[in-house]
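What the coordinates show
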Amino acid sequence: MGSAKNKSSAARAARIEEMRRAERARERRNRILTIAASVVVVAGLVVGGVVLVQSQSEDSDAAASDAKTTGKFVTGADGVKTWEGDLARNHVTKTVSYPVEPPVGGDHHQVWMNCNGDVYTEEIPNVNAVHSLEHGAVWVTYTSKASKDDVDALAAKVKKTPYTLMSPDEKQKDPIMLTAWGHQRTVTGADDPNVDKFLAKYVQGEQTPEPGAACAGGLSK
């Protein structure tokens, strides 16, 4: 039993380290792409094409905001709620009204919340956090009813885990909740074994719409 547990821990540690290396490589690549994109934008400004680009972008946002998320939660034997239905994935600039809190997917802002083990002490915009879920992040949320010890312990765990983020959310129904794209569950506290199970399964899990997408270089409050 102990040997199996040690092997599982070692495998998880190796997976996290590999994710960290991949994230660093993506950050380097993103910096290069950002510089290249800046050159293109400047050139576009010189030839006066920016007006047309902006117009097309606004038209796209207006159309995307009409997309609807449909479906409902179905609770599995393991206590995880899975969204059965359609989750829209359009980039929008308007506020989105999500059917559940915290949201498990849907239309979202084009900029994600940084989710490389980021812990936020204030509520964050749903439209940005949903983009993080699309990248394969797990979002840990809590209300003022959660104990300080649990919040501190969860924050420490998140900080050590790439593709996670944490923030307060007073609108959710339970003190502590875990959310991934299309999946969500409530846990009793930081020592609930379901915390590690959820992280192990859904951090860059099979549900991820955009596996390998960056969790850095986005919005940070």
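Coordinates for the structure precede this section.
Before going into details, it helps to say that this report is about the structure given with it. (Residues numbered from 1 in each chain as written. Predicted model: local features only at pLDDT ≥ 70, side-chain atom pairs only at ≥ 80, totals over all residues. Heavy atoms only, no water.)

Examining the state of the cysteines
- Considering all chains together, one arrives at one disulfide under this definition.
- The disulfide that involves cysteine 115 links it to cysteine 215, with 1.7 Å between the sulfurs. Taking the torsion about the S-S bond as the criterion, the cysteine 115 to cysteine 215 disulfide, at about -95°, is left-handed. Placement of cysteine 115 in the loop between β2 (81-86) and β3 (116-119) and of cysteine 215 in the segment after α5 (193-202) is noted, with a sequence separation of 100 residues between them.
- The exposure class of cysteine 115 is buried, given its relative accessible area of 0%. (Disulfide = S-S within 2.5 Å. Helix = DSSP H or I, 4+ residues; strand = E, 2+ residues; numbered from the N terminus. Buried < 20%, exposed > 50% of the residue type's maximum accessible area, 1.4 Å probe, protein only.)

Some remarks on the packing of aromatic side chains
- Summed over all chains, the structure comprises two aromatic pairs.
- Each ring, one from phenylalanine 73 and one from tryptophan 83, has its centre 5.4 Å from the other, and the planes form 80°; the classification is edge-to-face. Of this pair, phenylalanine 73 sits in strand β1 (residues 70-75) while tryptophan 83 is found in strand β2, placing the two residues 10 residues apart along the sequence.
- Residue classification places phenylalanine 73 among the partly exposed positions, given a relative accessible area of 22%.
- Look at phenylalanine 198 and tyrosine 202: their rings are 4.5 Å apart centre to centre, the planes differ by 45°, and that puts the pair in the tilted class. (Phe/Tyr/Trp six-rings, centres within 6.5 Å; stacked < 30°, edge-to-face > 60°.)

Quick notes on the pairing of strand β4 (residues 138-142)
- With five of its five residues buried, β4 lies for the most part within the structure.
- On β4, burial covers both faces: Val138, Val140 and Tyr142 on one face and Trp139 and Thr141 on the other are all buried.
- Note that β4 and strand β5 (residues 164-168) share five bridges and pair parallel. Across the sheet, tryptophan 139 pairs through a bridge with leucine 165, a residue of β5.
- Once you follow β4 into helix α4 (residues 148-159) and on to β5, the crossover reads as right-handed.
- Pairing of β4 with strand β6 (residues 176-180), which is carried by four bridges, proceeds in the antiparallel orientation. Residue valine 140 lies in a different strand from β6, and its bridge partner there is leucine 178. (Pairing = 2+ DSSP bridges. Right-handed = clockwise from strand over helix to strand, strands pointing away.)

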